[in-house]
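# Structure at a glance
Chain by chain, the residues run as shown.
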Amino acid sequence: MTPVWYRVRDLEAGRGFYKETLGFNETYFDEDGGWAKLERGGMEIALAEGEPEDGGVAHADVDDVKAEAERLREAGVEVGVVLELHDELRILDIFDPDGNRIQLAQMLA
């Protein structure tokens, strides 16, 4: 699987956000190269130090989108609106500290 690449202004802070706040596991870290790879439920994200750019959107499955929205709001994360699509799928856009968009999804069926 090819990861979604995000640039972050502070690699240490970015790694911490994805690991501690979103529950990703770090699978690779290259301190000299200034990048890391993280994974959660088959979704891979690569973080590289630099100025954030518009780009792809990472997608991660969660058990309960509404509970995650509440938990992340309480943690100070920028959280969008929970959308429910045809009683089959709930989605939620959240944003990392650098403004990169991550979509959380919950299958309802």
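In what follows, the structure referred to is the one given above.
Predicted model, so just to flag it, every value in this text is computed and none were measured.

## Remarks on the overall build of the protein chain
Looking only at helices and strands, one finds 2 helices and 9 strands in the protein chain. Listed N to C, the secondary structure of the protein chain is β-α-β-β-β-β-α-β-β-β-β in terms of helices and strands. Referenced to the eigenvectors of the C-alpha coordinate spread, the extents of the protein chain come out at roughly 45 × 30 × 25 Å. Across the protein chain, contacts joining residues at least 24 apart in sequence account for 47% of those joining residues at least 6 apart.

## Notes on the sheet that holds strand β4 (residues 43–49)
With mixed pairing, 4 strands are arranged side by side in an open sheet as β1-β4-β3-β2. Edge strands, defined here as strands with exactly one partner in the open sheet, are β1 (4–8) and β2 (25–30). The sheet shows a mean angle of 20° between the axes of neighbouring strands, taken without regard to direction. Contacting β1, β2, β3 (35–40) and β4, helix α1 (residues 11–21) crosses the sheet at an angle of about 160° to β4.

## What about the nonpolar core?
Formed by 25 residues in total, the largest nonpolar core has its most connected members in Tyr18 and Ile94. Elements that contribute at least two residues to this core include exactly β1, α1, β3, β4, β5 (58–61), α2 (65–74), β8 (89–95) and β9 (101–107). When neighbours within four sequence positions are excluded, Ile94 is seen to be in contact with Leu22, Leu72, Val77, Glu78, Val79, Asn100, Arg101, Ile102 and Leu104.

## Section: the pairing of β1
Alternating residues of β1 divide into Val4, Tyr6 and Val8, all buried, and Trp5 and Arg7, none buried. Looking at chain direction, β1 and β4 are connected through 5 bridges and run parallel. What sits directly across from Val8, in β4, is Glu49.

## Topic: the packing of aromatic side chains
One pass over the full model with this rule turns up 4 aromatic pairs. Between Trp5 and Trp35, the aromatic rings sit 5.2 Å apart at their centres with planes inclined by 40°, giving tilted as the arrangement. Placement of the pair is Trp5 in strand β1 and Trp35 in strand β3, with a sequence separation of 30 residues. The class for Trp5 is partly exposed, based on a relative accessible area of 46%. An angle of 85° between the planes, with centres 5.4 Å apart, marks the rings of Phe17 and Tyr18 as edge-to-face. The burial state of Phe17 is the same as that of Tyr18; both residues are buried.

## Remarks on the environment of Asn100
Note that Asn100 resides in the loop between β8 and β9. Exposure remark for Asn100: the relative accessible area of 4% places this residue in the buried category. Separated by 32 residues in sequence, Asn100 and Glu68 place their C-alpha atoms 18 Å apart. Contact partners of Asn100, with chain neighbours within four places excluded, come to Tyr6, Arg7, Val8, Tyr18, Pro52, Glu53, Ile94 and Phe95.

Criteria and thresholds
Residues numbered from 1 in each chain as written. Predicted model: local features only at pLDDT ≥ 70, side-chain atom pairs only at ≥ 80, totals over all residues. Heavy atoms only, no water. Helix = DSSP H or I, 4+ residues; strand = E, 2+ residues; numbered from the N terminus. Contact = heavy atoms within 4.5 Å. Pairing = 2+ DSSP bridges. Axes fitted to C-alpha atoms, helices over the stretch in contact; angles between N-to-C directions. Core = buried A, V, L, I, M, F, W, Y, C linked by side-chain atoms within 4.5 Å. Buried < 20%, exposed > 50% of the residue type's maximum accessible area, 1.4 Å probe, protein only. Phe/Tyr/Trp six-rings, centres within 6.5 Å; stacked < 30°, edge-to-face > 60°.

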